[in-house]
Amino acid sequence: MKGKRFFPLALLLALSVALAQDGKALYGQYCAACHGPEAQGIPGAIPPLAGNPRVQEEAYVVKAVREGISGPLEVGGVSYSGVMPPMPQVSEAQARAIAQYLKGLSGAQAEAPAPAPQVQGDPALGRALYLGQKALQNGGAPCQACHTVAGVGFLGGGSLGRDLTDAAKRLGGEAGLSALLQNPAFPVMREAYKGRPLTEAEAAALAAFLVQVSNEVPRPASLYLGRYLVAGMVFLSILLLYQAILWQLRPKSLAERIQSQLRR
Amino acid sequence: MKVRTHMSMLFHLDKCIGCHTCSIACKNIWTDRKGAEYMWWNNVETRPGAGYPTGWEDQDRFKGGWEYKDGHLDLRLHSRTQGLFRLFFNPALPSIDDYYDPYTFRYSDLFTSPEGEDQPTAVPVSMITGEVMTPASGPNWDDDLGGSPLYAQNDPNLKGLDPGVRAQLSEIEGVVFQYLPRICNHCLNPGCVAACPTGAIYKRAEDGVVLVNENKCKAWRMCVAACPYKKVYYNWATGKSEKCILCFPRLETGQAPACAHSCVGRIRYMGVLLYDADRIPEAAMVPDDQLVESQLGIILDPFDPEVIAAAKAEGIDDGWIKAAQNSPIYKFVKVWRLAFPLHPEYRTLAMMFYVPPLSPVVSTLEKALRASQGKEGLVRLDIPETDLDFEVYESLERARMPVKYLANLFTAGNESLVVPALKKMLAVRILKRQESLEGGVTEKALRVLQDAGLTLEEAEAIYRLTTLPTLEERFVLPPYHREMAAEVWKDPLAHKGETGFGYIQPPLRGE
Ligand code: SF4
Ligand code: SF4
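Quantities reported herein were computed from a predicted structural model and do not represent experimental measurements. Numbers given for residues are sequential positions, taken from 1 along each chain in its written order. Just so you know, chain letters begin at A and ligand numbers begin at 1, following the order they were written in. Selection of residues for local features in this predicted model requires a pLDDT of at least 70, selection of side-chain atom pairs for listing and counting requires 80 or more, and totals for whole chains, interfaces and linings are taken over all residues. The basis for every side-chain value is the complete set of non-hydrogen atoms in the structure, without hydrogens or water.

Notes on unusual backbone geometry
Residues and elements named next belong to chain B. Arg47 connects to Pro48 through a cis peptide bond whose omega is 0 degrees. The omega torsion of the bond from Tyr52 to Pro53 falls at -10 degrees, within 30 degrees of zero and hence cis. A helix here means a DSSP run of H or I that spans at least four residues, while a strand means a run of E at least two residues long, and both kinds are numbered starting from the N terminus. Along the chain, the position of Pro53 falls in the loop between strand S2 (43-47) and helix H2 (59-62). In the Ramachandran plot, Lys230 falls in the positive-phi region, its phi being about 50 degrees despite a non-glycine side chain. Position of Lys230 among the secondary structure elements: in the loop between helix H9 (222-226) and strand S10 (232-235).

Section: the site of ligand 2
Near ligand 2, the surroundings consist of 14 residues, among which Cys16(B), Cys19(B), His20(B), Cys22(B) and Cys263(B) are the closest. Asp, Glu, Lys and Arg are counted as charged, while Ala, Val, Leu, Ile, Met, Phe, Trp, Tyr, Cys and Pro are counted as nonpolar; the rest, among them Gly, fall into the polar class. In terms of residue class, the shell around ligand 2 is made up of nine nonpolar, four polar and one charged. A single heavy atom is enough: if one lies within 4 Å of a molecule or strand, its residue is considered near that molecule or strand.

Quick notes on the pairing of strand S4 (residues 72-75) of chain B
Residues and elements named next belong to chain B. Of the two faces of S4, only one is covered, namely that formed by Leu73 and Leu75; the face formed by His72 and Asp74 stays uncovered. Pairing analysis gives four bridges linking strand S3 (residues 66-69) to S4, with the strands arranged antiparallel. From the neighbouring strand, Lys69 faces S4, where its bridge partner is His72. The turn linking S3 back onto S4 is made up of two residues, and Asp70 within it adopts a positive phi angle of 45 degrees. To sort residues, take the accessible area from a 1.4 Å probe on protein chains only and compare it with the maximum for the residue type: under 20% means buried, over 50% means exposed, and anything in between is partly exposed. Strand pairing is assigned whenever DSSP identifies at least 2 bridges connecting the two strands.

Let's talk about the site of ligand 1
Close to ligand 1 lie Cys184(B), Asn185(B), His186(B), Cys187(B), Pro190(B), Gly191(B), Cys192(B), Val210(B), Cys227(B), Tyr229(B), Val232(B) and Lys243(B). Residue composition of the shell around ligand 1, by class: eight nonpolar, three polar and one charged.

Brief notes about the confidence of the model for chain A
Residue and element names in this part refer to chain A. On average, residues of chain A score 79 in pLDDT, and 83% of them reach the 70 mark or higher. What pLDDT conveys is the predictor's confidence in a given residue, as a value from 0 to 100. Predicted confidence in chain A is weakest over helix H1 (residues 2-30), with a mean pLDDT of 63, and strongest over helix H5 (residues 123-131), with 90. Per-residue pLDDT stays below 50 along residues 108-114; that stretch engages in five contacts with residues further than four places along the chain or on separate chains. Contacts were defined at the residue level, with two residues in contact if any of their heavy atoms lie within 4.5 Å.

Here is the structure:
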């Protein structure tokens, strides 16, 4: 009788442990890249999760994971104003498991350890990597293919990804960027660099470069528009000229020849 | 062997009177619409002449048909990559000036003109812009060698002709021309189908009619350029290409195409041919002078039990096989070897056939006579009228319509194919003329007949089918059994009652 009554309870306990373990693995997969393996965060860039009162609320965590957060935020007296991208690929159950795991952490890990020492990046190398003048070691596409940084490159870069001019300010400075670059949280970027991640040194160099450009006075976006218009016009006139020449060179048809002969 | 059936038309050019009734019948039924004013799915050309569109045979300019080089058969228009780059700019396309600016007359002028000294006239206006214009070209601008001699002189089929013969063609007493009615050839290896980037053109398996799917057509107009006969037209109002449909709605209801039905000269024959679809590529890939032979080679004998069995295995109806056996086209093309496809060197394997015309009089002989007597002006041959034909028979190579010219039109320049056909026709003419005018056949005529390779029965059959055919003999139309096809989606009786009402899908530009 007794055993029978305890059975569901035991099951629940076992389940919650399993969930928490699962939550740890999921945390490692989805969150650790930015928030750190110990959920300690990066001061000033990425808020810590261990000891963060907000993670006590499961619904909040689930929403944050699946829909993302943006805007100013204060944790432990430090204010953050970054963007956390939505991760809809994490299922609701998985998000709940992560929340469960974080809840367990918060009590034990009151004090976050100091952030891991950073590799010092070389902004010049970062620029070369950004422009694709130097290939990424694992074969990833250069950043400029998708992103623009104001003032870099004659026609700017791609417009698929966000403008990176002030990325350093948005995404947690050098430390945040270099962590993010090694394990991008953005779905499109994650796909693009799947199987060809950036090395630590490359990430550090790019982060240094992005910090450097964020401190420069940005050029207006209209500059690129003007350049694009001019380049487009030049291209179009070359095309039209080419067609006009082709048209002139085509063999005259008999109708044209007869008409011109008759007119004479 | 993959047996397929084909509806083919045959044009007996010796009978065409150049009346353009066929063109008008076609225009009234099919192209009397906005955007189609300039189209003549059926047109009749005077030859030598430039045709319509002007100079359509000039493939250096229009790039139609196929090119056979190093064992490859390629569209002359472009390769796939070139085609991609020319999607929006295709210099090989004919312009409206190559056809003509279609015009009508402002008839209201006749009634609204103010009173004056002169008769009011209706001014010509363009049917495209609506503006007053001076017509300077038309679909048969050089009809009966009218307009300017420039048209006839520029006929590409005159190439390879002796300059003396060329000059004689336009002499007052030596002038000669024939008519060439043309429709889409519903080719076995159509350039139009091959060039279409959207796959909107297809050849029906049951009768070989080549059709444009107006719902699929995206107005790339590659077919217009790639058809060597310039028989696909672009409708500028609907943004779709259009072409001769061999009056398939008429065929399906047991009537001959409108052009054939209305033909005043009764030059047109309709019938079924069986062909081997498996051997199309090999038929198109032989040197120029063997093209006619190779094409005729894939036209199958409808009496051969093997062919019949293979046809039945393909699901071909008995009615079609019977029609193929009675086909006048089969007789002219394969049994008597009197008819040829137009310009086989384009290698589209045109499936409409032409019996070349005989020359009217012996002008070259007369000219030779004139020279030998050192006389100016016309000298008639001093022989009885009845012997003239024998003279032509003996010296066909000097006939008024040069054999080389006919060979350039119908056999890719191979005179050895045209001459026997002309000889057979002449032999039959001599024989029947003697029979009906002189009441008896001479030894000489029989010798000529034998020389041409004809028996008396064959000559009689050729004569009957040429001059005295009934409607049923000219048009041997197979049963289409549309009810069987309609049954699949609808009650055939209801379908029959509703046919022809409304648009299923009105053609829309860009769709
Ligand atoms: S003649 Fe007719 S079937 Fe042949 S290529 Fe031209 S349009 Fe196509
Ligand atoms: S209707 Fe017949 S005879 Fe008249 S032009 Fe046409 S094909 Fe020739």
